[in-house]
Amino acid sequence: MPPAPQPVSDARKRDVSLYQFFAPGGVLSRTHPAYEFRRGQLQMAQAVEQAFEEKRHLIVEAGTGTGKTLAYLVPVIRSGKRIIISTGTKNLQEQLFHKDIPFLEQALFPNGEGKLNVCYMKGRNNYLCRKKLYDLTDQPVLSGLEEIEHYRAIAAWEKVTQTGDRAELASLPEASALWHKIDARSDTCLGQKCSAWDRCFITEMHRKAMESDIIIVNHHLFFADLSIKQQAEYAPDAGILPEAGAVIFDEGHELEDVAGSYFGVSVSNGRFEELCRDVEASLQRNHMLSASLSGALQSLRERAMFFFALLPTGDGRFAFESRREFMEENGDEFLGLQQSLTRLGSELENLPSKPEEVFNFARRTQELQVQLGFLMESEDRNTVFWIERRRGGRDKLNVFLQATPIDVAPILKTCLFDKLECAVLTSATLAVGGSFEYMRQRLGLEHAREAVLPSHFDYENQALFYVPPDLPDPRTPQFTAKAADRIRRLLEITRGRAFVLFTSYAQMNDVYQRLLGELEFPMLLQGDAPKTALLEEFRLTPHAVLFATSSFWQGVDVQGEQLSCVIIDRLPFAVPSDPVVAARVKSIDADGGNAFFQYQVPAAVITLKQGFGRLIRSLHDRGLLVLLDNRILKKQYGKVFVESLPPYRRTTDLKQVEEFFGIE
C-alpha cells in the first residue's frame, strides 16, 4: 500500500476565509473558468460554517445554479472535523469525488503542498466478496454459458482491482445473476472471522474511511448503516461508517422515503431460497450435509413455497389489511414455517466443529424467524403492513412481505438528529410556499436554522411556464387523447428537444403509442435502454424527445439547447392507493390533521419542482415548461404549487409559446 497522504494542517485549511474564496477577485474567480459571483453561494457557505460552529442543525434550500456543492465543501474543509456527505444519487457522489474535490484541492493547494483525505463509499452490494468468489472456484454452481463467461471476467479482474467496485466492470450487465451470488452483502459477511478478512474490499474501505476527513456516501448506504447500528445497539464494530462531527444530506428531500425503507422489515420468498441455497452449498463444500440436514432444508423450502403461495393475491404493492383473518385461517401454515426455521436452526447448532459460516446461517435463520413473526403478529400502530409482487429474472415471481413505519419523524429524531452534533439538509426543493414546515414535520427536525436562498438564474427571462386552460381534467377518460394532441403541437413549436414526463407508466406508453409515426422527431422511451444510455442518446441526437416517468424527474442534468422543453402530464400526487401513502394519510387525518394539505399537496409540490428543475441548468439555458393539468389554475390548492415554483414567466396562451420560440 502507498503511504497514506498527510492530512493538511488545520492552519492551512483555515488560511482562506469564505469571503476570500467566493467573492469577486477571490480564489474561486482565479481558478474556475466559468466563475460568476453568486451571492446565494457565499450566503450558503456562511450558513453551513455557522451551523458547524454552533453545533446546530441547518435546513437550506438553494435553487439550481447556486453552486451548492462548493458552498458546503469549503466550510467542510475549513472545519477540521471528519464530516460525512450523503447524497441522493450515485451521480452526485461521483461529481463530488471526481470533479468538485479535485478542483478544490487544486484551487486551495496549487503547488500540491497539501492533499484532502477523502473516501468514496457505496453500498456493500457494489463490492466483490473475495471469499465467495474463491468458494465458487472450488465448486462452481454457475448456470449457463453467460454466467461462466461473467465468472471468468470477474476472476481476472479480481487479481488487478484496487477497490472491488463493480462499476469498474463495464462489460458486466446491470442484471447479472452471478453478481448477486458474489457481492459483499452484510447478511452473508463473516466479519473478522473470514479467511479473506485481511484482503477484503469492505475492510479496506472501512480502514480508509477511518483515515479520511471527508466521507462521501449515498442515503441508502447511510441509512442501511444507521439501521445496522440500531439493531446492534451501537456495538463498536457494527456498521462501516465511522463517527463524524457532522453530516450533510444533499438532495435532502429524499430522506423520508429512504429512511422508511431501512427502518422497516422485509421478508421475501427469495430470502428463504437464498438461505437454503447458501447452507446447502457450504455444507456440501465442507462434506457436512447429513440426511437430517437435507431433510430440514427440504422441509423449509416446501413450507416457504406453500406459505407465500397462500398470501392474498394482487398486483404491485397493496396493503395487507387482512392479516388477522389470514392468521385465523392459515395459522397452522405460519407455525409450520416457523417450526421449519427452528428445526434448521437446531440442526446447524448441533453440527460438530463447524466452520464459521455456519454460525452466520444460524443467525440468518433466527433473523428470518423474528422478522416473519413481526410481520404476521405485530400490532405496532406506527407500522403499515403490505405485500408486493415483482417479476424476477426467468419469469420468477418474487413475493415480499413488508412493514414500513408510517411516521419516521420520531425515529429520525431520536436515533439521528438528537445524536448528531450538526446535520445540514440541502436541496433545490425543500420548501413549500417558502416554508420548511412540511420537511420539519416529516423528518422530526427541531431547533434548526433555516434559509431559502434565491437561484442565480433569471427565471423570468429564461423560462416560460405554460398551462393550457382548455384541456379536460386529467382524471377523466377524455384527457389522454387531448393531451397527446397538445403535446404534438408543442413539440412542433419547440422542434423536439424535450422531456415528456409522466406520473404513470400506463399514461407514458399510451401517449407514446399515439404519437408514434405522428412526430418527425426521434422518440426515445424509458425502459428501451438503461437510464444512462438513454440520456447519452438524448444528448447526442438532435431534436430528440424522451418519454419517461419518475426516475427522470430528478438527478438528471442536460444543459444547452438540446433540452428546451419539459412537459409534465399532471400534478404529481402520490398514488393514493399505495399502502404507505394511504396509511400516512389515514394517520394524519385520524390525529385531527388535514392530510391533503399537510402531506399530499406538499409532497407533490416538491416532486413538481424537481421535474421542472430539469430545464434550466445554466445561465444560458432557455426553455418552455408545460403542465397539462389545469387544476393548478382552477383549484384552491393550485396556489400552493404556483407560489412554490420559481418566478417563471407564466402564460395560458399558445401564441405566447410560439413567440417565445420566435415563430411569428
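Read on for an overview of the structure. (Residues numbered from 1 in each chain as written. Predicted model: local features only at pLDDT ≥ 70, side-chain atom pairs only at ≥ 80, totals over all residues. Heavy atoms only, no water.)

Let's talk about the nonpolar core
- Grouped together as the largest cluster of nonpolar side chains are 84 residues, with contacts concentrated most on Met121, Phe222, Phe223, Phe499 and Phe612.
- For this core, the leading source of residues is helix H24 (residues 595-612), giving eight residues.
- Setting aside its immediate chain neighbours within four residues, Met121 contacts Gln93, Tyr127, Met205, Ala209, Ile215, Ile216, Val217, Asn218, Leu221, Ile240 and Leu241.
- Core analysis: the second largest hydrophobic core is formed by 44 residues, Val60, Leu96, Ala107 and Leu116 among them. (Core = buried A, V, L, I, M, F, W, Y, C linked by side-chain atoms within 4.5 Å. Buried < 20%, exposed > 50% of the residue type's maximum accessible area, 1.4 Å probe, protein only. Helix = DSSP H or I, 4+ residues; strand = E, 2+ residues; numbered from the N terminus. Contact = heavy atoms within 4.5 Å.)

Some points on the sheet that holds strand S8 (residues 383-391)
- One open sheet accounts for four strands, arranged S6-S9-S8-S7; its pairing is antiparallel. Bordering the open sheet on either side are strand S6 (265-268) and strand S7 (317-319), each of which pairs with just one other strand. Across the sheet, the axes of successive neighbouring strands diverge by a mean angle of 20 degrees, strand direction being ignored.
- Strand contacts of helix H23 (residues 579-590): S7, S8 and strand S9 (397-405), with the helix running at about 165 degrees to S8, the strand carrying the most contacts. (Pairing = 2+ DSSP bridges. Axes fitted to C-alpha atoms, helices over the stretch in contact; angles between N-to-C directions.)

Remarks on the pairing of strand S10 (residues 423-427)
- Most of S10 is tucked away: five of the five residues are buried.
- Where burial is concerned, the two faces of S10 agree: the one with Ala423, Leu425 and Ser427 and the one with Val424 and Thr426 are both buried.
- For strand S1 (residues 58-62) and S10, the ladder comprises four bridges, and the chain directions are parallel. The residue of S10 that forms the bridge with Val60 is Thr426.

Notes on the packing of helix H14 (residues 291-310) against helix H15 (residues 323-349)
- Two elements in contact, H14 and H15, have axes whose closest approach is 9 Å; the angle formed by their N-to-C orientations is 155 degrees. Here H15 runs roughly antiparallel to H14, going by the angle between their axes. Where H14 crosses over H15, the two elements pack in a sense that is left-handed. Contact residues: Ser292, Leu293, Gly295, Ala296, Leu297, Ser299, Leu300, Arg303, Ala304, Phe306, Phe307 and Leu310 in H14; Phe326, Asn330, Glu333, Phe334, Gly336, Leu337, Ser340, Leu341, Arg343, Leu344, Glu347 and Leu348 in H15.
- Along the lines of polarity and charge, the residues of the contact of H14 with H15 split into 14 nonpolar, six polar and four charged. (Parallel < 35°, antiparallel > 145°, perpendicular 65-115°, else oblique. Left-handed = near helix turned anticlockwise from the far one by under 90°. Nonpolar A, V, L, I, M, F, W, Y, C, P; charged D, E, K, R; others polar.)

Comments concerning the environment of Ile85
- For Ile85, the position within the fold is in strand S2 (residues 83-87).
- Classification of Ile85 as buried rests on a relative accessible area of 0%.
- In sequence terms Ile85 and Asp250 are 165 residues apart; their C-alpha atoms lie 7.3 Å from each other.
- If near-sequence neighbours (up to four positions away) are discounted, Ile85 is found in contact with Tyr72, Leu73, Leu96, Ile214, Ile215, Ile216, Val217 and Ile248.

Some remarks on the pairing of strand S4 (residues 214-218)
- Counting buried positions along S4 yields five of five residues, so the element is predominantly enclosed.
- Sheet analysis places S2 next to S4, joined by five bridges and oriented parallel. Bridging from a neighbouring strand, Thr87 pairs with Asn218 of S4.
- Pairing between strand S3 (residues 118-120) and S4: three bridges, direction parallel. Across the sheet, the residue bridging to Tyr120 is Ile216, located in S4.

A short note on the sheet that holds S3
- Taken in spatial order, the seven strands make up an open sheet running S3-S4-S2-S5-S10-S1-S11, and their pairing is parallel. Every interior strand has two partners, whereas the edge strands, S3 and strand S11 (449-453), have only one. When the angles between neighbouring strand axes are averaged without regard to direction, this sheet yields 15 degrees.

Quick notes on the environment of Arg497
- On the secondary structure map, Arg497 appears in the loop between helix H20 (479-494) and strand S13 (498-501).
- Sequence separation of Arg497 and Glu561 is 64 residues, and the distance between their C-alpha atoms is 7.4 Å.
- Here Arg497 is in contact with Phe538, His543, Ala544, Val545, Glu561, Gln562, Leu563, Ser564, Cys565 and Phe661, once residues within four sequence places are set aside.
- For Arg497, the side chain forms a polar contact with the main-chain oxygen of Thr494, separated by 3.0 Å. (Polar contact = N/O pair within 3.5 Å; in protein donor to acceptor, adjacent residues only side chain to side chain.)

Some details on the packing of aromatic side chains
- The full count for this structure, using the stated rule, is 28 aromatic pairs.
- Residues Phe223 and Phe249 carry aromatic rings whose centres are separated by 6.2 Å and whose planes lie at 15 degrees to one another, so their mutual orientation is stacked. Here Phe249 lies in strand S5 (residues 246-250) and Phe223 lies in helix H11 (residues 219-231), a separation of 26 residues in the sequence.
- Owing to a relative accessible area of 0%, Phe223 belongs among the buried residues under this scheme.
- With a centroid separation of 5.2 Å and an interplanar angle of 75 degrees, the aromatic rings of Phe596 and Tyr637 are classed as edge-to-face. Placement of Phe596 in helix H24 and of Tyr637 in the loop between helix H25 (631-634) and helix H26 (638-644) is noted, with a sequence separation of 41 residues between them.
- Classification of Tyr637 by relative accessible area gives buried; the value is 9%. (Phe/Tyr/Trp six-rings, centres within 6.5 Å; stacked < 30°, edge-to-face > 60°.)

Geometric values such as these leave the question of function open.
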